[in-house]
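An overview of the molecular structure
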Amino acid sequence: MTETADDLSAPLGQDKPRRKRRLRLPFTAMQALAVLLGLFLLTFAGFAIFNKDPLGGEPMTRIAIRENGADKSPAEKPAAGHGQDSKEGSKQDGKHDSQETPKQAAPGEQKTVTMIDGSTGARHDVVIGEDAGDKAGAASAPPPVMAGINPKLLEKSRYGMIPVVADGLKPFNVYAADADRAKAAKMPVVAIVIGGLGVGAAKTTDAIMRLPAAVTLAFTPYGTDPGKLAERARAQRHEIFLQIPMEPYDFPDNDPGPQTLLTSLSADQNMDRLYWHFSRMQGYAGITNFMGARFIATEPAMQPIIREAAKRGLGFFDDGSSPRSIAAQAAANQAMPFGKGDIAIDVVPTPTEIDRALNKLESAARERGAAVGTASALPVSIERIGAWTKTLGDRGILLVPLTTAMLKSKSS
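The following paragraphs examine the structure supplied in this document. None of the values given here were measured: they were computed from a predicted structure. (Residues numbered from 1 in each chain as written. Predicted model: local features only at pLDDT ≥ 70, side-chain atom pairs only at ≥ 80, totals over all residues. Heavy atoms only, no water.)

Each helix and strand in the chain was counted, giving 13 helices and 17 strands. By the burial criterion, 40% of the 412 residues in the chain qualify as buried. Within the chain, contacts between residues separated by at least 24 positions form 68% of all contacts whose residues are at least 6 apart in sequence. Accessible area of the chain: about 24,100 Å², with a carbon and sulfur share of 54%. (Helix = DSSP H or I, 4+ residues; strand = E, 2+ residues; numbered from the N terminus. Buried < 20%, exposed > 50% of the residue type's maximum accessible area, 1.4 Å probe, protein only. Contact = heavy atoms within 4.5 Å. Areas by Shrake-Rupley, 256 points an atom, 1.4 Å probe, with all protein chains shown as cover.)

Structure follows, in structure tokens:
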């Protein structure tokens, strides 16, 4: 046995004091903290993955709907004409839960919505009427009659109210914008038609507010509420026309939209679609083609449309995009007010090219006495047309609504 120096110097009969062993953990404090953090993150991830509430963590409001007046018994069935209960709730400040939410109230019926704030418990009672009904039902309902419309010039169809002649009054004459026609008869006139409106509220409003009242605005039947925008245009004294989507040569690759008039359909089928377009708004003086190079050049398809529009007291404007159009002759056969576009102003939408097209329009007006330009509601188009019209009178040319130019062309 080997002895150390300490062993030799220790007193005899006394054992060497043994050192105490220290307890050593298999991991450090930092490692323990990392493990705890990992367990927390794993638990949170599991909750997020397996929890089926997509709006978890959002502020919650509970909504209960009851009929105004007396509460309904839970076992009581809805009366005839009432919508079935729905579990789709309204949303306010995040996620909502709802009970007994009717899809659509009966006409004139009111409901009281009790909103309960999930965080504070505060209650708020809100009375809603039929306007708060199902949005899908509202979208499919006939458009409301616009303000300033003569009710005598409306007739009910399966889709809503459509124009009609009554008491010798025609929509073309009643809804034509005011103009100095005596002055227009003595000097060259130009008309500007801005098309494609009603789909984009911003660009439509820009055209309505920035362009002179004498500029005619043409609305497509599409968009969320084209009737409301058309109503605003008429309030600003703009004359409006309704664009009717018609079949182009490359249809369906180039599709104007739903309810397009097609050469492959029967006259009755196209007439039904025409009535749908007619019902989207009121107060228009006439109609115009929206695309439609094939349709407007096909006499068997086009003739019934012109005949029906003429019967209802409307004018027809051919935008001039189809050189094979038979619209002029068809309108003449019906003694229908007719006009045709001479210059497409913004085919190349740059300031230089637009200005060049406007100069051509002036020249055409001086040569023929009247000329019509067409354009879209591009910002550059509105800006250049607006600037051009400000000095047009100084150059001896009068800006007039489309109906005035149509009447002058007919009389000349």
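Our next topic: the side chain of Thr220. With respect to the helices, strands and loops of the structure, Thr220 is situated in the loop between strand 10 (216–219) and helix 7 (226–235). Contacts of Thr220, omitting those with residues within four sequence positions, involve Gly196, Leu197, Val199, Pro226, Gln243, Met281 and Phe290.

Another point: the environment of Thr374. Relative to the helices and strands, Thr374 is located in strand 16 (residues 370–376). Look at Thr374 and you get buried, because its relative accessible area is 14%. Placed 156 residues apart in sequence, Thr374 and Ala218 show a C-alpha to C-alpha distance of 10.0 Å. If sequence neighbours within four positions are ignored, Thr374 has contacts with Val193, Phe317, Asp319, Gly341, Ile343, Ala344, Ile345 and Asp346.

Our focus in this paragraph is the packing of aromatic side chains. Tallied over the full model, the rule gives 4 aromatic pairs. Note on Phe316 and Phe338: the rings are 6.5 Å apart at their centroids and 10 degrees apart in plane angle, and the pair reads as stacked. Residue Phe316 is located in strand 13 (residues 315–318), and its partner Phe338 is located in strand 14 (residues 338–340); the two are separated by 22 residues in the primary sequence. The two residues Phe316 and Phe338 agree in class, both being buried. (Phe/Tyr/Trp six-rings, centres within 6.5 Å; stacked < 30°, edge-to-face > 60°.)

Mapped onto the elements of the fold, Gly339 is located in strand 14. Remark: the alpha-carbon pair of Gly339 and Lys408, spanning 69 residues in sequence, is separated by 9.8 Å.

Take unusual backbone geometry next. When glycine is set aside, most residues are seen to have a negative phi, and most peptide bonds are trans. The peptide bond linking Phe251 to Pro252 adopts the cis configuration, its omega dihedral lying at 5 degrees. By secondary structure assignment, the location of Pro252 is in the loop between strand 11 (240–246) and helix 8 (267–278). Positive phi values are uncommon outside glycine, yet Asp167 reaches one of about 55 degrees. Considering the arrangement of structural elements, one finds Asp167 in the loop between strand 8 (161–163) and helix 4 (171–174).

Attention now moves to the packing of helix 8 against helix 9 (residues 299–311). Packing of helix 8 against helix 9 brings their axes to within 10 Å, and their N-to-C directions diverge by 45 degrees. Relative to helix 9, helix 8 is oriented oblique. Considering only the axes of helix 8 and helix 9, their crossing is right-handed. Listed contacts from helix 9 to Ala267, Asn270, Met271, Leu274 and Tyr275 of helix 8 are Pro304, Ile305 and Glu308. Here the contact of helix 8 with helix 9 is built from residues that sort into 6 nonpolar, 1 polar and 1 charged. (Axes fitted to C-alpha atoms, helices over the stretch in contact; angles between N-to-C directions. Parallel < 35°, antiparallel > 145°, perpendicular 65-115°, else oblique. Left-handed = near helix turned anticlockwise from the far one by under 90°. Nonpolar A, V, L, I, M, F, W, Y, C, P; charged D, E, K, R; others polar.)

Think of two packed helices as two axes; the pair is described by the angle between the axes and how far apart they sit. Closest axis-to-axis distance for the helix 11 (residues 351–368)/helix 12 (residues 379–390) pair is 10 Å, and the angle between their directions is 45 degrees. With respect to their mutual orientation, helix 11 and helix 12 come out oblique. Regarding helix 11 and helix 12, the two cross each other, and that crossing is right-handed. Side by side, helix 11 and helix 12 meet where Pro351, Ile354, Asp355, Leu358, Leu361 and Glu362 of the first sit next to Val380, Ser381, Arg384, Ile385 and Trp388 of the second. When the residues that make up the contact of helix 11 with helix 12 are grouped by side-chain class, the tally is 7 nonpolar, 1 polar and 3 charged.

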